[in-house]
Amino acid sequence: MRPALAFALACVPTIAGAQAPRDIVTVEALSDLVERGLSATDGKGALRARIGGTVAGGFRLDASAATLRGSIRNGGADAGIDLIASYRAVRGTLSLDGGVTGRLYAGASGKLDYVELFGGASALIGPAEVGLTAAYAPDQASIGGDNLYLRARAVAAVIGTPISLTGHVGRSSGSVDDVARSARLRPDGTYHDWSVGAEYVRGAVTLGLSYTDSDVRPDRAPLPALARRSGARLIARAGLTF
């Protein structure tokens, strides 16, 4: 068994054992797994499962696993696994978050795992929540340099309905030590991505539809194969939360 997968499987029971009443378990199917404007599944459908729990106070442990379908972007990986430790402080309508994410790639050719730090703030304004986040991956060989992702997002409930509207704008930048490896996260160098969408929640069921795009241009990317599936498209998803 690959070290990344073994580590992830060892950690998930620990997270589950730490669960408190506010824990969540979610499973969902997606027409494409898109992260920061880039497809992690080369445009193929995906399944994803998430589990999370409050350990003490505002401290949480979360884990997610998604099928990557032999993703070219991630070295032919079969699955992507995120392990997250975070803390949230709430002051009235303002929330502050910070933590660390370990990103693991099971079945990948080569060492592609990396670590990312994140922090952000969000505020409730009437039926809407707006937030700013920053995620920074320090210089690591697996990503060919460092990477900084900045994002502004908003979620607004449509009053009187089970529908929420969502949107975000993001920017990816960073240094380059290895062109091929840095192209995993920034196939065309510094770029922007954005999305708008709608989400319907009824009991344990969530249905979502979003439009996503970026200004990545495959024709000028040093490795065009890693820049594919970075343009405009509609993403549908359906999930169950327990």
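Residues numbered from 1 in each chain as written. Predicted model: local features only at pLDDT ≥ 70, side-chain atom pairs only at ≥ 80, totals over all residues. Heavy atoms only, no water.

### With respect to the nonpolar core
L33, L68, A77, Y105, A108, Y114 and I143 are the most contacted members of the largest nonpolar core, which has 14 residues in total. If near-sequence neighbours (up to four positions away) are discounted, I143 is found in contact with Y114, A137, P138, R181, S182, R184 and L185. Grouped together as the second largest cluster of nonpolar side chains are 7 residues, I51, A63, A79 and L83 included. (Core = buried A, V, L, I, M, F, W, Y, C linked by side-chain atoms within 4.5 Å. Buried < 20%, exposed > 50% of the residue type's maximum accessible area, 1.4 Å probe, protein only. Contact = heavy atoms within 4.5 Å.)

### Let's talk about the side chain of R48
Within the secondary structure, R48 sits in strand β4 (residues 46-56). A relative accessible area of 16% means that R48 is categorised as buried. Side-chain polar atoms of R48 contact the side chain of E28, separated by 2.8 Å. Residues contacting R48, with those up to four places away along its chain left out, are T26, V27, E28, L30, L33, A65 and A66. (Helix = DSSP H or I, 4+ residues; strand = E, 2+ residues; numbered from the N terminus. Polar contact = N/O pair within 3.5 Å; in protein donor to acceptor, adjacent residues only side chain to side chain.)

### Examining the sheet that holds strand β10 (residues 145-157)
Judged by pairing direction, the barrel is antiparallel, and its 12 strands sit side by side in the order β1-β4-β5-β6-β7-β8-β9-β10-β11-β12-β13-β14 before closing back on the first. Strand-to-strand twist across the sheet, computed as the mean angle between neighbouring axes with direction ignored, equals 20°. (Pairing = 2+ DSSP bridges. Axes fitted to C-alpha atoms, helices over the stretch in contact; angles between N-to-C directions.)

### Focus: the packing of aromatic side chains
Under the definition given, this model contains 2 aromatic pairs. Where F59 meets Y87, the ring centres are 4.6 Å apart and the plane angle is 50°; that geometry is what we call tilted. Linking F59 in strand β5 (residues 59-71) with Y87 in strand β6 (residues 77-91), this pair joins segments that are 28 residues apart in sequence. Look at Y105 and Y114: their rings are 6.4 Å apart centre to centre, the planes differ by 15°, and that puts the pair in the stacked class. Positioned over the ring face of Y105 is R184, at 5.0 Å from the centre of the ring. (Phe/Tyr/Trp six-rings, centres within 6.5 Å; stacked < 30°, edge-to-face > 60°. Lys NZ or Arg CZ within 6 Å of the ring centre and 35° of its normal.)

### Comments concerning the environment of R220
In this structure, R220 sits in the loop between β13 (205-214) and α3 (224-227). Distance in space between the C-alpha atoms of R220 and S173 is 17 Å, their sequence separation being 47 residues.

### With respect to the pattern of salt bridges
Under the counting rule described, the total for this entry stands at 13 salt bridges. Residue E129 pairs with R153 through a salt bridge whose shortest N-O separation is 3.7 Å. Highlighted residues: E129 in strand β9 (residues 128-140) and R153 in strand β10, separated in sequence by 24 residues. Its relative accessible area of 22% is what places E129 among the partly exposed residues. (Salt bridge = Lys/Arg side-chain N within 4 Å of Asp/Glu carboxyl O.)

### As for the pairing of β6
For β5 and β6, the ladder comprises 10 bridges, and the chain directions are antiparallel. Residue pairing in the sheet places F59 in a bridge with Y87 of β6. The turn linking β5 back onto β6 is made up of 5 residues, and G75 within it adopts a positive phi angle of 65°. Pairing between β6 and strand β7 (residues 94-106): 13 bridges, direction antiparallel. In the strand pairing of β7, V90 is matched with S95. Counted along the chain from β6 to the antiparallel partner β7, the turn is 2 residues long, and its residue G92 has a positive phi close to 65°.

### Considerations on a nonpolar patch on the surface
A cluster of nonpolar side chains, V25, V27, V158, I163, L165, Y200, V205, L207, L240 and F242, forms an exposed patch at the surface whose accessible area comes to about 770 Å². Looking at the nonpolar patch, the elements that each hand over two or more residues are β1 (24-30), β11 (163-173) and β13. Residue F242 is classed as exposed on the basis of its relative accessible area of 62%. (Patch = residues over 30% accessible without salt bridge, like charges linked within 9 Å, V, L, I, M, F, W, Y side chains within 5 Å. Areas by Shrake-Rupley, 256 points an atom, 1.4 Å probe, with all protein chains shown as cover.)

### Focus: unusual backbone geometry
At D42, a residue that is not glycine, the phi angle is positive and equals roughly 55°. Mapped onto the elements of the fold, D42 is located in the loop between β3 (38-39) and β4. We classify D42 as buried; its relative accessible area is 16%. A positive phi angle, close to 60°, is found at R229, a residue other than glycine. If you trace the backbone, R229 turns up in the loop between α3 and β14 (233-241).

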